[in-house]
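Architecture at a glance
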Amino acid sequence: MSDETGTPDTPAGSSRGTAPSGGPRPEPLRFFGTTWVNHDNGYTVRRAGVAIGSLAAAVASCLVLRFAYEGIQIADTGSFVTVLIIAMFAICSALAFRNTWEGFGKRHDPQRQASLRGLLAIGFVGSLLAYFFRSLTEAPGEKLHREEYDQAREAHERRTSRRTGNPSKKKRNH
């Protein structure tokens, strides 16, 4: 896993080891491991837990932001600063939601992710909400990982199902 971006260095289905059948291994997802492949070993319960957990974290985060807002009101910094801070959190949360949501369907550029780290940290509520909404339909990132894993399996099957023998020794009919 890349230290800078938190994204895996290799895509799902990579040959960083092989499955018991000799094919590619599925990449584990956070909180799900490889249960997303066959939807077994408590996959549904894990999905429900992730949905509840991410929603609870988003609600708790909003409460913390409310306390911060009250602190700004007590400090009497003025309406301009208050509006600026509210706009900053709203815009950063919207951008973080969009970025996180897109990350479930395609791999992000690690350099772009590193440059967005501050913005995503400010908009953490948006990321939590994206995680919540995605976990209502699938494990977050499952679609991307399934596509990569299926492609890797198909490529492995094509490589291993080639004909055997030396084609130059094949009898030719003239």
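Residues numbered from 1 in each chain as written. Predicted model: local features only at pLDDT ≥ 70, side-chain atom pairs only at ≥ 80, totals over all residues. Heavy atoms only, no water.

1. Quick word on the pattern of salt bridges
- As enumerated under the stated definition, the model contains seven salt bridges in all.
- With a closest N to O distance of 2.9 Å, E148 and R107 form a salt bridge. Placement of the pair is E148 in helix α6 (residues 142-160) and R107 in the loop between α2 (79-103) and α3 (110-115), with a sequence separation of 41 residues.
- Across the pair E138 and R134 runs a salt bridge whose closest N-O atoms are separated by 3.3 Å. Here E138 and R134 have matching classes, each one buried. (Salt bridge = Lys/Arg side-chain N within 4 Å of Asp/Glu carboxyl O. Helix = DSSP H or I, 4+ residues; strand = E, 2+ residues; numbered from the N terminus. Buried < 20%, exposed > 50% of the residue type's maximum accessible area, 1.4 Å probe, protein only.)

2. Remarks on the packing of aromatic side chains
- Using the criterion set out here, one finds eight aromatic pairs in the structure.
- Considering the side-chain rings of W101 and F104, the 6.2 Å spacing of their centres and the 70° angle between planes classify their relative orientation as edge-to-face.
- The rings of F31, F97, W101, F104, Y131, F132 and F133 are connected pair by pair, giving a single aromatic cluster.
- Directly above the ring of W101 sits R134, whose terminal nitrogen or CZ lies 4.5 Å from the centroid. (Phe/Tyr/Trp six-rings, centres within 6.5 Å; stacked < 30°, edge-to-face > 60°. Lys NZ or Arg CZ within 6 Å of the ring centre and 35° of its normal.)

3. Regarding the packing of α2 against helix α5 (residues 124-135)
- Packing of α2 against α5 leaves a shortest axis separation of 7 Å and a crossing angle of 40°. In terms of axis orientation, α2 runs oblique to α5. Both α2 and α5 take part in a crossing whose hand is right-handed. For the pair α2 and α5, the contacting residues are S93, A96, F97, T100 and W101 in the first and V125, G126, S127, L129, A130, F133 and R134 in the second.
- Across the contact of α2 with α5, the residue classes break down as seven nonpolar, four polar and one charged. (Axes fitted to C-alpha atoms, helices over the stretch in contact; angles between N-to-C directions. Parallel < 35°, antiparallel > 145°, perpendicular 65-115°, else oblique. Left-handed = near helix turned anticlockwise from the far one by under 90°. Contact = heavy atoms within 4.5 Å. Nonpolar A, V, L, I, M, F, W, Y, C, P; charged D, E, K, R; others polar.)

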